[in-house]
Amino acid sequence: MDWGLQNRLSRIIKPQDNRALMLAVDHGYFLGPTEKLENPAKVIAPLLKYCDSLMVTRGVQRSSVSATTDTPMVLRVSGGSSIIGEDLSQEDITVSIEDAIRLNASALAMSIFVGSKYEYQTVVNLGKLVSRAQKYGIPVLAVTAVGKELGKDARYLSLACRVAAEQGANIVKTYYCENFEKVVQSCPVPIIVAGGKKIPERDALQLTYNSIKAGAVGVDIGRNVWQSEHPVAMIRAVRSIVHGNSNVEQAFSLYKKLASEDSKHKSKQT
Ligand code: R5P
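Below or above, wherever it landed, is the structure these notes cover. (Residues numbered from 1 in each chain as written. Predicted model: local features only at pLDDT ≥ 70, side-chain atom pairs only at ≥ 80, totals over all residues. Heavy atoms only, no water.)

### Description of helix α1 (residues 3-12)
Since there are 3.6 residues in each turn of an α-helix, residues three or four apart along the chain are aligned in direction. Listed as buried for α1 are Leu5, Leu9 and Ile12. The arc enclosing the buried residues of α1, seen along the axis, measures out at 55°, which places them on a common side. Measuring from the side-chain oxygen of the N-cap residue of α1 to the backbone nitrogen of Gly4 gives 3.2 Å; that N-cap residue is Asp2. (Buried < 20%, exposed > 50% of the residue type's maximum accessible area, 1.4 Å probe, protein only. Helix = DSSP H or I, 4+ residues; strand = E, 2+ residues; numbered from the N terminus. Arc of directions from axis to C-beta. Polar contact = N/O pair within 3.5 Å; in protein donor to acceptor, adjacent residues only side chain to side chain.)

### Concerning the nonpolar core
With 76 residues, the main nonpolar core has Leu23, Leu54, Leu108, Phe180 and Leu205 as its most contacted residues. Apart from the residues within four sequence positions on either side, Leu108 is in contact with Leu75, Val77, Ile97, Ala100, Leu129, Ala133, Ile138, Pro139, Val140 and Leu141. Core analysis: the next-biggest nonpolar cluster, separate from the first, contains 15 residues, Leu9, Ile12, Val143 and Ile192 among them. (Core = buried A, V, L, I, M, F, W, Y, C linked by side-chain atoms within 4.5 Å. Contact = heavy atoms within 4.5 Å.)

### Observations regarding the site of the ligand
Neighbouring residues of the ligand: 14 residues in total, closest Asp26, His27, Lys173, Gly196 and Arg223. Between an oxygen atom of the ligand and a main-chain N or O atom of Gly195, the distance comes to 3.1 Å. Arg223 places a side-chain nitrogen or oxygen 2.8 Å from an oxygen atom of the ligand. Burial of the ligand by the surrounding chains reaches 96%, relative to a free accessible area of 360 Å². Here the residues of the shell around the ligand are counted per class, giving five nonpolar, four polar and five charged. (Near = heavy atom within 4 Å. Areas by Shrake-Rupley, 256 points an atom, 1.4 Å probe, with all protein chains shown as cover. Nonpolar A, V, L, I, M, F, W, Y, C, P; charged D, E, K, R; others polar.)

### Some thoughts on the sheet that holds strand β8 (residues 171-174)
What the eight strands build is a closed barrel, ordered β1-β2-β3-β6-β7-β8-β9-β10; its pairing is parallel. Neighbour-to-neighbour, the strand axes of this sheet turn through a mean angle of 25°, independent of strand direction. Bridge count between β8 and strand β9 (residues 191-194): three bridges; the pairing is parallel. Bridging from a neighbouring strand, Val172 pairs with Ile191 of β9. Strand contacts of helix α6 (residues 119-135): β6 (107-112) and β7 (140-144), with the helix running at about 170° to β6, the strand carrying the most contacts. Packed onto the sheet, helix α7 (residues 154-166) meets β6, β7, β8 and β9 and runs at close to 155° relative to β8. (Pairing = 2+ DSSP bridges. Axes fitted to C-alpha atoms, helices over the stretch in contact; angles between N-to-C directions.)

### Things to note about helix α11 (residues 231-242)
In this model α11 runs 16 Å from its N-terminal to its C-terminal C-alpha over 12 residues, within 8% of the 16 Å that 1.5 Å per residue would give. Among all positions of α11, only Ala233, Met234, Ile235, Ala237, Val238, Ser240, Ile241 and Val242 are buried. Packing partners of the buried residues in α11 comprise β1 (20-24), α9 (201-213), β10 (218-221), α10 (223-226) and α12 (248-269). (Expected span 1.5 Å × (residues − 1).)

### Remarks on the packing of aromatic side chains
Given two aromatic rings, their pairing is described by the distance between the two centres and the angle made by the two planes. One pass over the structure, following the stated rule, counts three aromatic pairs. Between Tyr176 and Phe180, the ring centres sit 5.2 Å apart and the planes meet at 40°, which makes this aromatic pair tilted. Here Tyr176 falls in the partly exposed class, since its relative accessible area comes to 26%. Measuring from ring centre to ring centre gives 6.2 Å for Phe252 and Tyr255, while their planes differ by 10°; the resulting arrangement is stacked. (Phe/Tyr/Trp six-rings, centres within 6.5 Å; stacked < 30°, edge-to-face > 60°.)

### What about the pattern of salt bridges?
Counted under the stated rule, the structure contains 13 salt bridges. Between Asp99 and Arg58 there is a salt bridge, with the nearest N and O atoms lying 2.7 Å from each other. Taken together, the positions of Asp99 in helix α5 (residues 97-102) and Arg58 in helix α4 (residues 58-64) put the pair 41 residues apart, joining distant regions of the chain. Here Asp262 makes a salt bridge to Lys266, at a shortest N to O gap of 3.0 Å. (Salt bridge = Lys/Arg side-chain N within 4 Å of Asp/Glu carboxyl O.)

### Some words on unusual backbone geometry
Despite not being glycine, Lys36 has its phi angle at roughly 70°, a positive value. What makes Lys36 partly exposed here is its relative accessible area of 31%. Notably, Asn104 is not glycine yet its phi reads approximately 55°, a positive angle. Inspection of the secondary structure puts Asn104 in the loop between α5 and β6.

Written as structure tokens, this is what we have:
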């Protein structure tokens, strides 16, 4: 494997423990001003030092992330449809490789919609993106999108992850499901699990724990961090599982302790 690609990958999946904690803030690319992510700069600033990498669009990276950060950027380069549009699966590549390099992206991310009307377009685009990115030693993270009409079980997710890996994706991001070990075992590249909709903190920590136990290298978590009442407490608790080998009880206790300190701090300020 070439040096540049390996170096960029090692910024995302930490070689010390082969684990990754990615903070997802790219939701606005199809959801617009997502609840509690209305002001990305404010949300990102206190969380940046606790994640290994940030999954972000170029608009938010330029406008809302300090260029002095040493946190690696996983740049979303696909888009084209919004939540109120005709078909969410109709995505194309929206960022040139030159702009991604200018933004010093450590990896490029795009979604594929296996089983949807636009399956062909998104899978071919993934192959093309890998070819372009490979030329410059930039890894590609493929996101296996799920939707109302798409499955979320091990059979479907194994297929979608494998399709992504076969096109050359260096990392695959997918969703946790029952029998997740099967999804991991049949995917020849590392898997990162997306957090999904906001659920109670303890449940999100359980999801993180289960994902890692089943063989994922880490999580790419968004709403379950910044939609929490205590985002810093939550990302630190998630981190204690990903990099500290905490179990769910230990991580949840850490969350409660940090959340209570945060509440006291906030009440002093008011
Ligand atoms: C999907 O690709 C989205 O853009 C997010 O990056 C992903 O769903 C992870 O965020 P969350 O933990 O909020 O699901």
